[in-house]
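Residue strings, one per chain:
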Amino acid sequence: MWFVYVLKSQKSSHRYVGMTQSLERRLEEHNSGKSKFTSGHIPWSLLYHESFGTSLEARQREKYFKSTAGRRFLDRILTAT
């Protein structure tokens, strides 16, 4: 199973979109500084995730979330919750 996830920096309010097979491990990596971009914005919290059967499906959704339309979609659903 693959996951597309959205993180939010508690320090700077930046948002980060990625994909992984292990949400827990990946969040731990982001919060321990193992990712170059996210290391400057620690700590991170998980805001949203979706699961997919294949990496191709997950990658397509990740690309959508990184597009203008995808960012607007995330803004709508994340402010509604």
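All values derive from a computational prediction rather than experimental measurement.

1. Focus on helix α3 (residues 68-80)
- Compared with an ideal rise of 1.5 Å per residue, which puts 13 residues at 18 Å, α3 spans 18 Å between its outermost C-alpha atoms and is within 8% of the ideal.
- When α3 is considered as a whole, its buried residues turn out to be Gly70, Phe73, Leu74 and Leu78. Buried residues along α3 cover an arc of 115 degrees about the axis, so they all sit on one side. Across α3 from its buried face, at more than 90 degrees, point the exposed residues Arg72, Arg76, Thr79 and Ala80.
- Looking at the buried positions of α3, the neighbouring elements they touch are β1 (2-9), β2 (15-20), β3 (44-52) and α2 (55-65).

Cut-offs applied
Residues numbered from 1 in each chain as written. Predicted model: local features only at pLDDT ≥ 70, side-chain atom pairs only at ≥ 80, totals over all residues. Heavy atoms only, no water. Helix = DSSP H or I, 4+ residues; strand = E, 2+ residues; numbered from the N terminus. Expected span 1.5 Å × (residues − 1). Buried < 20%, exposed > 50% of the residue type's maximum accessible area, 1.4 Å probe, protein only. Arc of directions from axis to C-beta. Contact = heavy atoms within 4.5 Å.

Just distances and angles here, no functional claims.
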